[in-house]
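# Architecture and fold: a report
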Amino acid sequence: MSYAYVLINCDLGSEERVLSELKSIKKIKETHGVFGAYDIVAKVEAPSDSMIKEVVTGKIRSIDRVRSTLTLWG
């Protein structure tokens, strides 16, 4: 099993909406709203690194109001 932490920046005031959408993605196992340079941290778990890449590029980055992501591989 592969995992990665995704640091997410979103539009001001949209954090709760983005958190809600992230929780509906099956491969995302944890989400946390944080303060500082990033707004949200999400833990993604999948059978392969390529599946994690698909979740980040195809699902997380396509959420309305997500401005940028930084992926930290485990």
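What comes next concerns the included structure. (Residues numbered from 1 in each chain as written. Predicted model: local features only at pLDDT ≥ 70, side-chain atom pairs only at ≥ 80, totals over all residues. Heavy atoms only, no water.)

What follows deals with the overall build of the chain. Within the chain, the regular secondary structure consists of 2 helices and 4 strands. Element order for the chain, N to C, with α for helix and β for strand: β-α-β-β-α-β. On C-alpha atoms alone, the chain measures out to a radius of gyration of 11 Å, which is about the 11 Å that the 2.2 N^0.38 rule sets for 74 residues. Principal axes of the C-alpha set define a box for the chain whose edges measure 35 × 20 × 15 Å. With 74 residues in all, the chain has 38% of them scored as buried. For the chain, long-range pairs separated by at least 24 residues make up 67% of all intrachain contacts whose partners lie at least 6 apart in sequence. Entry remark: accessible area of the chain is about 4600 Å², with carbon and sulfur atoms responsible for 50%. With 11 positive and 10 negative side-chain charges, the chain shows a separation of 5 Å between the mean positions of the two kinds. (Helix = DSSP H or I, 4+ residues; strand = E, 2+ residues; numbered from the N terminus. Rg over C-alpha atoms; globule rule 2.2 N^0.38 Å. Buried < 20%, exposed > 50% of the residue type's maximum accessible area, 1.4 Å probe, protein only. Contact = heavy atoms within 4.5 Å. Areas by Shrake-Rupley, 256 points an atom, 1.4 Å probe, with all protein chains shown as cover. Lys, Arg positive; Asp, Glu negative; His and termini not counted. Charge placed at Lys NZ, Arg CZ, Asp CG, Glu CD.)

The next point concerns helix H2 (residues 49-60). Under the 1.5 Å per step criterion, the end-to-end length of H2 is 15 Å for 12 residues, consistent within 8% with the ideal 16 Å. The secondary structure elements touched by the buried residues of H2 are strand S1 (2-10), helix H1 (15-23), strand S2 (28-33), strand S3 (40-46) and strand S4 (66-73). (Expected span 1.5 Å × (residues − 1).)

We now examine the sheet that holds S1. Reading across from one edge, S2-S3-S1-S4 is the order of the 4 strands in this open sheet, with antiparallel pairing throughout. Both outer strands of the open sheet, S2 and S4, are each paired with one neighbouring strand and no more. Averaged over neighbouring strand pairs, the angle between their axes works out to 20° when direction is ignored. Pairing of S1 with S3 involves 7 bridges; the strand directions are antiparallel. Within S3, the residue paired with Leu7 across the bridge is Val41. Contacts from H1 reach S1, S2, S3 and S4, with the element oriented near 170° to S2. (Pairing = 2+ DSSP bridges. Axes fitted to C-alpha atoms, helices over the stretch in contact; angles between N-to-C directions.)

Turning next to H1. Among all positions of H1, only Val18, Leu19 and Leu22 are buried. Buried residues of H1 fall within an arc of 100° about the axis and therefore sit on the same side. In H1, the exposed positions that point more than 90 degrees away from the buried face belong to Glu16 and Lys23. Where H1 is buried, its residues touch S1, S2, S3, H2 and S4. (Arc of directions from axis to C-beta.)

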